[in-house]
Amino acid sequence: MRCGIEFEYLIVDSGGPEPGRIRDFSNLAYEEIRPLLEDKPGRDDATLATGDLGIRSGYWYLEGDERFHDDGRFRTLVVKGVEIRTPPAPDVDRAIRSLVGIESQLAAVLARHGLGLAIAGFNPIRPRYDFDPPLNAWEVAERQRDRSYDGTHISTLSYGPDINLSRPGWSAEQNLDAARKLNAYAPYILPFSFSSPFYVGALWDGLSKRTYERAAFRPAVKLYLAPEMSADCAEHSGLIHPARLPGEVGRIEFKAFDAIPSVEVLTACCHLLEGICLATDLSQRSETPDLDLYRRAALAGFADEAIADGALEVLGKAQRALRFAGDFRAAQSLESLEASRDQKTTPAHDLLGRYFRHGDLYSGRLGAATVSGRT
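A quick note: this is a predicted structure, and the numbers were derived from the prediction, not measured.

Engineer: Just checking my understanding: could you explain the overall build of the protein for this structure?
Structural biologist: Assigned secondary structure in the protein consists of 13 helices and 12 strands. In terms of C-alpha radius of gyration, the protein reaches 20 Å, essentially the compact-globule figure of 21 Å for 375 residues. Taking the principal axes of the C-alpha coordinates as reference, the protein spans close to 55 × 55 × 35 Å. Residue burial in the protein is summarised as follows: out of 375 residues, 55% are buried. Considering only residue pairs separated by 6 or more positions, the protein has 76% of its internal contacts joining residues 24 or more positions apart. Summed over all atoms, the accessible surface of the protein reaches about 15900 Å², with 50% contributed by carbon and sulfur. In the protein, which carries 44 positive and 54 negative side-chain charges, the distance between the mean positions of the two groups comes to 2 Å.

Set out below in structure tokens:
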């Protein structure tokens, strides 16, 4: 399967009086940070969409909430962090290598300005995101028209990867079946990624504040089809969206994972999605989220018996599908996830361990995994 990865990061101070301080909409203006990141790779990569405003150009760009004047002119971006996206790669391993390489370049650029990258599934400090100033009439109408703005109060606080997969030669029906399958099994596999056990500077009640809040507002899966086909199929499936570029046709975008600190776990999770798409013996399909199941997973992870049992089924059948496809290395990578499921651990447990060892929310200053050229 072809693969591309989008990954959202917090921006933090790497030095100064408060190393590890989160820099976001509360203390970082778009006009201040934008010029620092303009010299970037991928500006001329025609395989990537840039959006109506052209903000999302190149292999990294600022992420946040777009704000507009009364007449619809762009006013500013409320910054939540920065996002990397890789060009489409022939397989998962090359997409991961591309992500790590771009990440290293971005970290070097930020370091020149006393800034760094950090990884967490949910902003561990901010209690909420409020519209400041309040939405004007034009913005209210636009957000009612464009459902991609749904849940902005959550998405501006949450971080995670979008894993994009496509299988050359698959029909629209095969792609939609895979998307519905991923949508159904998402709650069982999300604990492998959990990295948001903190909220407002303290311990949260569970392992993923991101999943608990996000599931009610944001999609877990999107499928991109040719515009003329998506128009015909959209009435049958809310997962379908029109492709913006020819290369997007057939792209399945999985959006539900927390931001995963470990490259090994991120790689295994990408291969797990591949295996689910390929598995013919996974019977569940869905168009809508099972909110109760998502929240049970968010609170207890694999300590919830239903979540653990579902994860076991998915892992076994995904491994078999990968082996049947001849991708033995991908199947082997799922063994680390099996160990996590068996031990009932998640990346959030590592963050909690750091918290209890240091007697503080932070290792240094940040309740997250700080990036410095990770491998």
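Engineer: What am I meant to see in helix α5 (residues 172-189) here?
Structural biologist: Residues that lie three or four places apart on an α-helix share one face, since the helix turns once every 3.6 residues. When the terminal C-alpha atoms of α5 are compared, their 25 Å separation across 18 residues agrees well with the 26 Å that a helix rising 1.5 Å per residue should span. Most pronounced at Asn183, the bend in α5 amounts to some 35°, and the proline Pro187 follows within four residues. α5 sits mainly inside the fold: 14 of its 18 residues count as buried.

Engineer: Is there a simple way to explain the pairing of strand β5 (residues 115-119) in this structure?
Structural biologist: Consecutive side chains of a regular strand alternate in pointing toward one face of the sheet and then the other. For β5, a buried count of five out of five residues is recorded, marking the element as mostly surrounded by other parts of the structure. Both faces of β5 are covered, namely the face carrying Leu115, Leu117 and Ile119 and the face carrying Gly116 and Ala118. Sheet analysis places strand β1 (residues 2-13) next to β5, joined by four bridges and oriented antiparallel. Across the sheet, residue Asp13 finds its bridge partner in β5, namely Leu115.

Engineer: Before we go on, may I ask you to explain helix α12 (residues 335-343) in this structure?
Structural biologist: Within α12 the residues assigned to the buried category are Leu337, Ser340 and Arg341. Axial view of α12: buried residues confined to an arc of 95°, hence all on one face. Relative to its buried face, α12 has exposed residues pointing more than 90 degrees away, namely Asp342 and Gln343. Directly beyond the C-terminal end of α12, a positive phi value near 60° is found at Lys344.

Engineer: Explain the packing of α5 against helix α10 (residues 305-324) to me, please; I cannot follow it from the model alone.
Structural biologist: It is the contact of α5 with α10, at a shortest axis distance of 8 Å, that shows an interaxial angle of 120°. Taken as axis vectors, α5 and α10 run oblique relative to one another. When the axes of α5 and α10 are compared, the crossing they make is left-handed. Contact with α5, carried on its side by Tyr185, Pro187, Tyr188 and Ile189, involves Ala306, Ile307, Gly310, Ala311, Glu313 and Val314 of α10 and no other residues of that element. Residue composition of the contact of α5 with α10, grouped by class: eight nonpolar, one polar and one charged.

Engineer: Where do I start with unusual backbone geometry in this structure?
Structural biologist: What you tend to see is this: most non-glycine residues have negative phi, and most peptide bonds are trans. The step from Asp132 to Pro133 runs through a cis peptide bond, and the omega angle for that step is 5°. When you line up the elements, Pro133 lands in the loop between β5 and α3 (137-145). Notably, Val200 is not glycine yet its phi reads approximately 55°, a positive angle. Secondary-structure assignment places Val200 in the loop between β7 (198-199) and β8 (202-203). Classification of Val200 by relative accessible area gives partly exposed; the value is 41%. Positive phi outside glycine occurs at Lys344, with the angle close to 60°.

Engineer: Would you explain the environment of Gln284 in this entry?
Structural biologist: Position of Gln284 relative to the elements: it lies in the loop between α8 (263-278) and α9 (291-300). Along the sequence, Gln284 and Pro35 sit 249 residues apart, while their C-alpha atoms lie 47 Å from each other. For Gln284, the contacting residues outside a window of four places in its chain are Lys181, Ala184, Tyr185 and Tyr188.

Engineer: Sorry, what's going on with the nonpolar core here?
Structural biologist: Generally speaking, a soluble globular protein has its nonpolar side chains buried in company with each other. Counting residues in hydrophobic clusters, the biggest one holds 100 residues, and the most contacted among them are Ile163, Phe254 and Leu272. Phe254 has contacts with Pro161, Asp162, Ile163, Leu182, Ala186, Ile189, Leu190, Ala220, Val221 and Leu273, leaving out every residue within four places of it along the chain. Membership of the second largest hydrophobic core comes to five residues, among which are Val78, Phe122, Ile154 and Leu157.

Engineer: Quick question: what am I supposed to make of the pattern of salt bridges here?
Structural biologist: Pairing of side chains with opposite charge becomes possible as their charged atoms draw close. Under the counting rule described, the total for this entry stands at 29 salt bridges. Residue Arg23 is joined to Asp13 by a salt bridge in which the shortest nitrogen-to-oxygen separation is 2.9 Å. Note that Arg23 is positioned in strand β2 (residues 22-23) and Asp13 in strand β1, a separation of 10 residues in sequence. Taken individually, Arg23 and Asp13 each receive the classification buried, so the pair is uniform in this respect.

Basis of the calculations
- Residues numbered from 1 in each chain as written.
- Predicted model: local features only at pLDDT ≥ 70, side-chain atom pairs only at ≥ 80, totals over all residues.
- Heavy atoms only, no water.
- Helix = DSSP H or I, 4+ residues; strand = E, 2+ residues; numbered from the N terminus.
- Rg over C-alpha atoms; globule rule 2.2 N^0.38 Å.
- Buried < 20%, exposed > 50% of the residue type's maximum accessible area, 1.4 Å probe, protein only.
- Contact = heavy atoms within 4.5 Å.
- Areas by Shrake-Rupley, 256 points an atom, 1.4 Å probe, with all protein chains shown as cover.
- Lys, Arg positive; Asp, Glu negative; His and termini not counted.
- Charge placed at Lys NZ, Arg CZ, Asp CG, Glu CD.
- Expected span 1.5 Å × (residues − 1).
- Bend = angle between axes of the 7 residues up to and from the residue.
- Pairing = 2+ DSSP bridges.
- Arc of directions from axis to C-beta.
- Axes fitted to C-alpha atoms, helices over the stretch in contact; angles between N-to-C directions.
- Parallel < 35°, antiparallel > 145°, perpendicular 65-115°, else oblique.
- Left-handed = near helix turned anticlockwise from the far one by under 90°.
- Nonpolar A, V, L, I, M, F, W, Y, C, P; charged D, E, K, R; others polar.
- Core = buried A, V, L, I, M, F, W, Y, C linked by side-chain atoms within 4.5 Å.
- Salt bridge = Lys/Arg side-chain N within 4 Å of Asp/Glu carboxyl O.

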